[in-house]
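Remarks on the overall topology
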Amino acid sequence: MINLNNNCYSLYIHIPWCLKKCPYCDFYSLRFLKNKKIIQNQYINSLLLDLKSDLLYTGHDICIENIFLGGGTPSLINPKLISYLLSEIKNIVHVKKESEITIEINPSSISEKNILTYIKSGINRFSLGIQSFNNSSLKSLGRLHTAEDAINAIRMFNKKKKLKINLDIIYGIPGQTLKNACDDIYQAISFKPNHISWYQLTIEKNTIFGQYPPKDLLNDDFLWKIFIQGEKIFKKAKYMQYEISSFIRNQNDKCKHNLNYWYFGNYLGIGCSAHGKLIDLNGNIIRTVKNYNIKQYIKGSFLLSKKKILNNEKIFEFFLNRLRVYNKIYKKEFMNKTGINVAHIDSFIKKALKLGYLQQNNDFWILTTKGHLFLNDLLEIFI
Ligand SMILES: C[S@@+](CC[C@H](N)C(=O)[O-])C[C@H]1O[C@@H](n2cnc3c(N)ncnc32)[C@H](O)[C@@H]1O
Ligand code: SF4
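Parameters and conventions
Residue indices follow the written sequence of each chain, beginning from 1 at its first position. In the order they appear in the text, chains get letters beginning with A and ligands get numbers beginning with 1. This being a predicted model, a pLDDT of at least 70 is required before a residue's local features are given, and a value of 80 or more before pairs of side-chain atoms are given or counted; all residues contribute to the totals for chains, interfaces and linings. Neither water nor hydrogens contribute to the side-chain values; these are computed over all heavy atoms in the structure. Any residue with a heavy atom positioned within 4 Å of a molecule or strand is treated as near that molecule or strand. Polar here means any residue other than Ala, Val, Leu, Ile, Met, Phe, Trp, Tyr, Cys and Pro, which are nonpolar, and Asp, Glu, Lys and Arg, which are charged; Gly is therefore polar. Paired strands, in this sense, are two strands between which DSSP finds at least two bridges. The numbering of helices and of strands both runs from the N terminus, where a helix is a DSSP run of H or I of at least 4 residues and a strand a run of E of at least 2. Contact criterion: two residues are considered in contact whenever any of their non-hydrogen atoms come within 4.5 Å of each other. Axis definition: a line fitted to C-alpha atoms, over the contacting stretch in the case of helices. Angles run 0 to 180 degrees between N-to-C directions. Working definition: a ring pair exists when centres of Phe, Tyr or Trp rings (six-membered ring for Trp) sit within 6.5 Å. Plane angles under 30 degrees give stacked, over 60 give edge-to-face, the rest tilted. Exposed residues in this analysis have more than 50% of their type's maximum accessible area, buried residues have under 20%, and partly exposed residues fall in between, with area computed by a 1.4 Å probe over protein chains only. Two conditions define a charge sitting above a ring: the NZ of Lys or the CZ of Arg must be within 6 Å of the ring centre, and it must be within 35 degrees of the ring normal. Pairing of N or O atoms within 3.5 Å defines a polar contact, subject to two protein rules: one partner must be a possible hydrogen donor and the other a possible acceptor, and residues neighboring in sequence count only if both atoms are side-chain atoms. Surface patches are defined over residues having more than 30% relative accessible area and no salt bridge, joining like charges when they lie within 9 Å and nonpolar side chains (Val, Leu, Ile, Met, Phe, Trp, Tyr) when within 5 Å. Residue-level accessible areas treat just the shown protein chains as cover; the underlying method is Shrake-Rupley with a 1.4 Å probe. When a carboxyl oxygen of Asp or Glu is within 4 Å of a side-chain nitrogen of Lys or Arg, the pair counts as a salt bridge. Side-chain atoms within 4.5 Å link the members of a nonpolar core, which is a set of buried Ala, Val, Leu, Ile, Met, Phe, Trp, Tyr and Cys residues.

A word on the site of ligand 2. Around ligand 2 sit Cys-18, Lys-20, Lys-21, Cys-22, Tyr-24, Cys-25, Gly-71, Gly-72, Thr-73, Asn-106 and Arg-143, and that is every residue in its neighbourhood. Looking at the shell around ligand 2 residue by residue, the class counts come to four nonpolar, four polar and three charged.

If you want it as C-alpha cells, here you go:
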C-alpha cells in the first residue's frame, strides 16, 4: 500500500449567521439576531470541542497550515470572539507559525476597529464579498450593501499595509450587460487587490433563485462571451489566472486554503454544515459532514456523517478538483494523495489521451486546450 504520508491540514470554520439570506446562496446560514449573544458564545465553545473530537480520528500530531473562517458572515459576530477562538485553537492543535488565516467579510459589517482586532488575532488575509460595484446588480442579487459601501470597505483595508486582500466578484447576474460585467472587473482591479475570485453565478436548487428563476437570467452563449472578455481584461492588467475563477498579481498570492482543496489535500471542517476530508488512524481517507441543526450542534452532537471515500470516488474527486488548477499534474502527486497506483487508472488515461484531452510524459499529465474546453466530458471518463 502507498503511504498517505501527510499530517498537514487546512482548517475550515463555519460561522452560520447572516443579516439576510441572499436569494442565490445555498451555504448554511441563520438569521443574525444581535440580542442572541449567548448562542454565539456557546457556538464558539462548541467549535473548540468539535475540533477536539476530529483529532480523535486523525491523531493529535497533525499540524494546521492554514485557517479559513467562512460563512455565513463571520464579520457579523464580535471580533473578540474570533480572537478567543483562534487563540484557543492554538492550544488544541499545532498551527504553523506562517499559516495563512483568512476571514470572510461582508462590506455591510466592517469597521476600522474590527480590522485591528482581526490583525492582532493573527488574521492575515481578508476576503471581501463585493459581488458587484453596480447598484442595480447588487439589488438583483438581494445584497444589503451598496457600491459605495463596497468601495469604503476596500479603502479601509487598503489603508493598512501588507494585508492580503481578496475581492469576490460575481458575473452572470440577472440583467447584467457585457459592459456592466467588464466594469466590475475594471473597478476591482483598480484597487489592486492581491487576489480576485471571479465566480459565475450558479443557480442552486435549494435557493430562492433555484425555485423562482429570475426572468432575465443570462444564457450560456452570453456567459461564455463575458468569460472570454473577462479573461482578456485580467490578462491585460497582468493578473494571472491560476484556477478557473481565481486571479492573482503575484505567484505567492494564491489562496492557500483553496489550493489545498484543489490539490485534494486534507482538511478539517468544524461548525454547522462543515465538510472535512481527513486521514484516520488506519490510513483511510474519510469524509466528515457536521450537523446542520445548530441546537443539536451546541448540545455536542457535531458529526452528521463520517464515511470512508472509496477508490473510484477518490479518482473522480482528485481529477475534479485538481483539473481546476492550470498546471502539470505529477503522477507521484496522484499516488501520494489518493493512495492508488497510476497503473490502476491506465484505461481512463489512455482514453483521455486518445481523445486529445490530456498529454503526458513519464512524470506528469497536463490538460490540453481541448481538455479545457471539454472539461466535463473529460471528467466523465473518471466517473
Ligand atoms: C458563502 S459567501 C460568504 C461570504 C459573505 N457572506 C458574503 O456573502 O460576502 C462566499 C462567496 O461565495 C460566493 N457565492 C455564494 N453563492 C454563490 C452562487 N450561487 N454563485 C456564485 N457565487 C456564489 C459569493 O461571491 C460570496 O462572496
Ligand atoms: S452570500 Fe454571504 S451574506 Fe448572502 S446568504 Fe450567503 S453567506 Fe450570507
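Our next topic: the sheet that holds strand E15 (residues 329-330). Overall, antiparallel pairing links the three strands, which are arranged E15-E17-E16 in an open sheet. Only two strands of the sheet have a single neighbouring strand rather than two, namely E15 and strand E16 (358-360). On the sheet, helix H13 (residues 346-354) packs against E16 and strand E17 (364-367) and is oriented at approximately 110° with respect to E16.

Looking now at the packing of aromatic side chains. One pass over the full model with this rule turns up 27 aromatic pairs. Here the aromatic rings of Tyr-330 and Phe-364 are separated by 5.6 Å at their centres, their planes lie at 70°, and the arrangement is edge-to-face. Residue Tyr-330 is found in strand E15, and its partner Phe-364 is found in strand E17; the two are separated by 34 residues along the sequence. According to the relative accessible area criterion, Tyr-330 is partly exposed, its value standing at 40%. A cation over an aromatic ring shows up here: Lys-277 above the ring of Phe-264, its NZ or CZ 4.1 Å from the ring centre. Sitting over the ring of Tyr-263, Arg-322 keeps its end group 4.2 Å from the ring centre.

Further remarks concern the side chain of Ser-132. Relative to the elements of secondary structure, Ser-132 occurs in the loop between strand E6 (125-131) and helix H4 (135-140). According to the relative accessible area criterion, Ser-132 is buried, its value standing at 0%. Of the polar contacts made by the side chain of Ser-132, one reaches the backbone nitrogen of Asn-134; its length is 2.9 Å. Once residues lying within four places of it in the same chain are set aside, the contact partners of Ser-132 are Ser-137, Leu-138, Ile-173 and Asp-184.

A cluster of nonpolar side chains, Trp-224, Leu-373 and Phe-374, forms an exposed patch at the surface whose accessible area comes to about 330 Å². Within the element layout of this structure, Trp-224 appears in helix H8 (residues 220-236).

For the rest of this paragraph, the subject is the nonpolar core. By size, the foremost hydrophobic cluster in this structure holds 74 residues, and its most contacted members are Ile-13, Phe-126 and Leu-128. Once residues within four sequence positions are removed from consideration, Phe-126 is found in contact with Ile-103, Ile-105, Tyr-118, Ile-119, Phe-157, Leu-163, Lys-164, Ile-165 and Asn-166. Formed by 20 residues, the second largest nonpolar core is a distinct cluster that contains Phe-318, Ile-345, Ala-352 and Leu-379.

Turning our attention to the pairing of strand E1 (residues 8-15). Among the eight residues in E1, eight count as buried, and that is most of the element. Residues Cys-8, Ser-10, Tyr-12 and His-14 point to one face of E1 and Tyr-9, Leu-11, Ile-13 and Ile-15 to the other, with burial holding for every one of them. As paired elements, E1 and strand E4 (residues 63-71) share eight bridges and run parallel to each other. Residue pairing in the sheet places His-14 in a bridge with Gly-70 of E4. Where E1 meets strand E11 (residues 266-270), five bridges bridge the pair, whose relative direction is parallel. Following the sheet pairing, Tyr-12 is matched in E11 by Gly-269.

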